[in-house]
Amino acid sequence: MYKIMRFDKKKHHDSAMAAEGHNVDANLVDMRPNHGHYFVKKTFGKPTYCHHCCDKIWGMLTTGYSCEMCNFICHEKCLRTVVSYCSSVALQLIKNPVAHTWSAPCLIKRRYCCVCRKRTDEAMSVECEVCEYYVHVDCSDLAVSDCKEAATYVANMESANTVQYHHMREGNLPKESKCVVCRKTCFSTECLAGMRCEWCGQTAHAVCYRQMDKECDFGVLRKIMLPPMCLTIPRTELPMEQLLNISSHDQPQSLSSPSKIQVDDVSTSGEDVKERDDFEIIRVFDGNNSYRLQISRNIVVAKHVSVQQVRDAALRRFHINDTPERYYITQVVGEVEEEILEDPVPLRNVKRPEGKRAQIFIRYYDDPDKDEVKVYGGWLRKVPVTFCGISVSKDTIVQDLITEALYHFGLDGAYWNRYNLIEVSLDRGVAERTCNPQENVLQLVRNLRKDSLRRYHVVRFYVQEKEDPHDHAVFVGNLPVSLAQRQYERILLKLLGAKEKPFTAIGPIYFEYGSLIITFNTPKAATAAVQKLQSAIYEDKKLIVLCLPNVQPQMIPKDVEPLLVLVNVKSGGCQGTELIQSFRKLLNPFQVFDVLNGGPLVGLYVFRNIPKYKILACGGDGTIGWVLQCLDIAKQDAACFSPPCGIVPLGTGNDLARVLRWGGGYTGEENPMDILKDVIEADTVKLDRWAVVFHEEERNQPTSSGTQTEMSEQTMNNPEDQTSMIIMNNYFGIGIDADVCLKFHNKRDANPEKFQSRLFNKTQYAKIGLQKMFFERTCKDLWKRIELEVDGRTIELPNIEGIVVLNLLSWGSGANPWGTSKEEGNFSKPTHYDGLLEVVGISDVSRLGLIQSKLAAGIRIAQGGSIRITTHEEWPVQVDGEPHIQPPGTITILKSALKAQMLKKAKKSRRGGTATTICFTQPHPETSDPLSGPLGVPSTLGDPHHGKTTPDNTAADSDEEGDAFL
């Protein structure tokens, strides 16, 4: 027999609240017995672990206790000390609900569902992109909306008076986690157990957490964390995915759909129930709306049970933790009629449609004259209580409710017109609705109960100030480039279908990228504009539209330098996707941006008012160059003129990352936490940047008509139109290496889906190099066909087929064409901040392969501060790995006035003798460097993805994503 255990309310209330952290309040709901659990004594036929103490429940047929609602299992000895809440009440305990951002459904290994506490690899599951919350797809509508509250700024609050509390999450702790209180192991691989703060990462046993300090200091990442207290986000109906700049996934089909409803194991297992004649499966509807949509849940009960037992089973099935006596059961009669179900044997009187299961309603006893409504203070300043209960009558309207609530919160109710009453639904996320001040409250509550009891229990009413401290800025991208401001305004008005400007300001405008910022006065206007622009297409391009958070720099502590993380998610074989998810969980998600969704300008605009911050660019050399280029544009109006930039190398070459000690490539095995620690300890260094000016020869097109002079004037090119400039960070090449690079680019542009890995990219370079070696020597006699000047002096060239101009001593995935021999003649030791460039000659493709294989060096030609190359025919050239065919003319390389500060990884760890330091694995010569094979063709020879950052061009990344962000 199974014994149902219920206990009286004990003195564990305070410890239970502590165990869940300060993101919950145990006073929000009547906890009833045993923290919401409904324990049943059960015999386990296989090894089982206690979710409270994590010890094994020994014996083949030993007994323990299991919660029928959340599957929490424990020893009998642990029963009275359980402090974890049941998932049936957890949703109602959250102070300020924040919606999760779900990933795509998949089988997640080594994790447990936070609702049913079972393994997530047993069924399709999703995880939150921002916090450590995992849930089965079929459990997702019961998920608790308590994601990290990442934007908590309140107007007129001072930084010194603002406290950050821990945000605790149960279970799924990292391996080897130790309790900060008792110093013992607190993680478990066998069950959902232990507590962890989502901000600082501290872990503890559930029973030990109450002894932790209440305040959270963000742990080891404090110096680069963007504090939630300095952020505001728009009050909008837009999903959290868009506010966080996260690519949306298809929402999981969960229990809100009429299919795949599991039975409620009231007395025995589902398999046994189906084979026994004394049990029956009944469909339960919780309201008119669920019946209209035919969304039900099943309960399994014995045929001889009482009405009370049927009622209690239905309440548990819908996770309604309330006084059972307030509810009753009716059966469906006809289309719209209902009949109350009564004892002694109620199931005998239930009508069963032919071929269908019995259908019943669970209803609430409504008082026709009065009711009580909970009103929450939410984000009001200095509210002494989380909520207040207010009695309402037939005549109570929303205006009266706001006035009464303000008095309870210690505010002046006479100013009710400065506030709104917000109806917040926590069902499947967080949805908001502003109530009409003249709306009848009692009727509103009754309608909620009649439509869905489940939804009624997850709906709250918040008092909120009408004045919004948020600056409603919207980013709009993918517009035509280089238009005038009035032209952009006309385009926006046309797309919005408005005659007058709905926005209050436009700007800054990033003309080079066809992007701009528009600002609105109210969240309603901003939301309406975003919803229209999201679906807008202009010149066959879908617009990129983003609502941006607002940073209050005065709330950032003086010793904190927030880290702006910019990730190219398609870099490194899509390794960026995993990396950006890890950074969102470790940091404030509003300081992590996907550059493929709006580019680096989005994050740079958000951080524009912060006086001191750092940047972490995750991608190949092309991504790094893209970030630096956007920084040159955005810093004119920024409080921080030149923030230092660190690198996580996700590309193929990663030469700038190698020079700055960040390694040759991210392998996926590195701990993202250690990467962030290295950023904190990194040194700031300077990087020379160079302007490469291309000037074509002026060409006239002769005519035979009498108006030759007039036609010549019309056909002659403007000298300004013949000149272009690109900023160089790493290197410049002309000749053989640029030719191979150009061939590779053309092949990739023709079939971009094939170029998804570093190894494949390098094999393609090998094939192209072999073709050039044996069949296509198009750069032969280059030394006779161009002219080179260094610092104004003409240089006599040796017999070479290519020239490489170096700013870094890393090229082609770590090779050094300049060589490592001691200084000779007038050459000084090269660095990336000495104001000099190194000119190296490459004799042929085979020499290029030897250089790449680190078996030889190039031919040292010159070293100087300005380079000039004159050509009289077309040549392939590349700047930081971005190739093109350059017409005859001059190519001048001069030191740019644009400066860059970079973060160089510390040589030795300062975190202590046993601390680990990230070591990026170099490619193995036999598996990752096919170009250093028998014929010696270089592996990333001139690869636009291999060795130079292109900050100021729209170059493809030095990794395999290539043109993905153009």
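Being a predicted model, the structure only gives us computed values, none of them experimental. Every chain is numbered on its own, with residues counted from 1 as its sequence reads. For a predicted model such as this one, the threshold for reporting local features is a pLDDT of at least 70, and the threshold for listing and counting side-chain atom pairs is 80 or more; totals across whole chains, interfaces and linings nevertheless cover every residue. Side-chain measures were taken over the full set of non-hydrogen atoms in the model, leaving aside hydrogen atoms and water.

Enquirer: Hey, could you go over the pattern of salt bridges for me, with residue numbers and the actual values?
Expert: One speaks of a salt bridge when a side-chain nitrogen belonging to Lys or Arg is within 4 Å of a carboxyl oxygen belonging to Asp or Glu. Taken as a whole and judged by the stated rule, the model has 24 salt bridges. The closest approach of N and O atoms between R222 and D559, which form a salt bridge, is 2.7 Å. Taken as a pair, R222 in the loop between β11 (203-204) and β12 (231-232) and D559 in the loop between β29 (550-551) and β30 (563-567) lie far apart in primary sequence, 337 residues in all. Taking the relative accessible area as the measure of exposure, D559 reaches 46% and is therefore partly exposed. Secondary structure follows DSSP: runs of H or I at least 4 residues long count as helices, runs of E at least 2 residues long count as strands, and numbering of each begins at the N terminus. Relative accessibility decides the category of a residue: with a 1.4 Å probe and only protein chains considered, values under 20% of the type maximum give buried, values over 50% give exposed, and everything between is partly exposed.

Enquirer: Lay out the sheet that holds strand β44 (residues 875-879) in plain terms, naming residues and giving numbers.
Expert: In spatial order, the strands read β42-β41-β40-β37-β44-β45; together these six strands make up an open sheet with antiparallel pairing. The open sheet terminates on both sides in strands that have one partner only, identified here as β42 (859-864) and β45 (882-886). Neighbour to neighbour, the strand axes of the sheet diverge by 20° on average, direction disregarded. Two strands are counted as paired when DSSP detects at least two bridges linking them. Where strand β41 (residues 837-842) meets β42, five bridges bridge the pair, whose relative direction is antiparallel. Between N-to-C directions, angles span 0 to 180 degrees; the directions come from axes that are lines fitted to C-alpha atoms, helices contributing only their stretch in contact.

Enquirer: Tell me about the side chain of H319, and please be specific about residues and values.
Expert: Secondary-structure assignment places H319 in the loop between α6 (307-317) and β15 (327-333). Residue class for H319 comes out buried when judged on its relative accessible area of 6%. Residues within four places of H319 in sequence aside, it is in contact with M69, S87, S88, Q92, L142 and R454. Any two residues whose heavy atoms approach within 4.5 Å are treated as being in contact.

Enquirer: I'd like to hear about helix α10 (residues 485-496), residue by residue, with values.
Expert: Look at α10: 16 Å from first C-alpha to last across 12 residues, which is about the 16 Å you get at 1.5 Å a residue. Buried within α10 are the following residues: Y488, E489, I491, L492, L493, L495 and L496. On its buried face, α10 is in contact with β23 (472-477), β24 (505-510), β25 (515-520), α11 (523-534) and β26 (537-538). Residue count minus one, scaled by 1.5 Å, sets the expected span of a helix.

Enquirer: I'd like a description of the environment of I518, backed by residues and values.
Expert: Turning to its location among the elements, I518 is positioned in strand β25. Overall, the relative accessible area of 0% leaves I518 in the buried class. Sequence separation between I518 and L492 is 26 residues; the distance between their C-alpha atoms is 9.7 Å. Not counting the four nearest positions on each side in its chain, I518 is found in contact with H472, A473, V474, V476, L492, F503, A505, I506 and L533.

Enquirer: Please provide a residue-by-residue account of the confidence of the model for the protein, values included.
Expert: The predictor's confidence in any single residue is recorded as pLDDT, a number from 0 to 100. Chain-level pLDDT for the protein is 81 on average; 81% of the residues reach the 70-or-more range. Looking across the protein, the model is least confident in strand β1 (residues 4-5), with a mean pLDDT of 38, and most confident in β30, with 96. This model gives residues 702-717 a pLDDT under 50, and the stretch forms nine contacts once residues within four places in sequence are excluded. pLDDT under 50 marks residues 909-966. Its contacts with residues more than four places away, or in other chains, come to 255 contacts.

Enquirer: How would you explain the nonpolar core if you had to name every residue and give the values?
Expert: Grouped together as the largest cluster of nonpolar side chains are 153 residues, with contacts concentrated most on Y133, I518, F583, L616 and M902. Here the element with the most residues in this core is helix α14 (residues 621-634); it accounts for seven residues. Setting aside residues no more than four positions away along its own chain, M902 makes contact with I624, L628, P644, C645, I647, L656, L660, D683, T684, V685 and L687. Buried Ala, Val, Leu, Ile, Met, Phe, Trp, Tyr and Cys residues form a nonpolar core when they are joined through side-chain atoms within 4.5 Å. In terms of nonpolar packing, the next biggest core, distinct from the first, is built from 28 residues, C779, I795, L837 and I869 among them.

Enquirer: How would you explain the environment of Q863 if you had to name every residue and give the values?
Expert: Within the fold, Q863 resides in strand β42. For Q863, a relative accessible area of 13% gives the class buried. Between the C-alpha atoms of Q863 and V839, which are 24 residues apart in sequence, the distance is 6.0 Å. Other than its neighbours up to four places away in sequence, Q863 contacts V790, D791, W818, N826, F827, S828, P830, L836, L837 and E838. In this structure the side chain of Q863 is engaged in a polar contact, spanning 2.9 Å, whose partner is the backbone nitrogen of S828. Here the side chain of Q863 touches E838 through a polar contact of 2.9 Å, side chain to side chain. In protein, a polar contact requires one atom able to donate a hydrogen and another able to accept it; more generally it is a pair of N or O atoms within 3.5 Å, and residues adjacent in sequence count only if both atoms are side-chain atoms.

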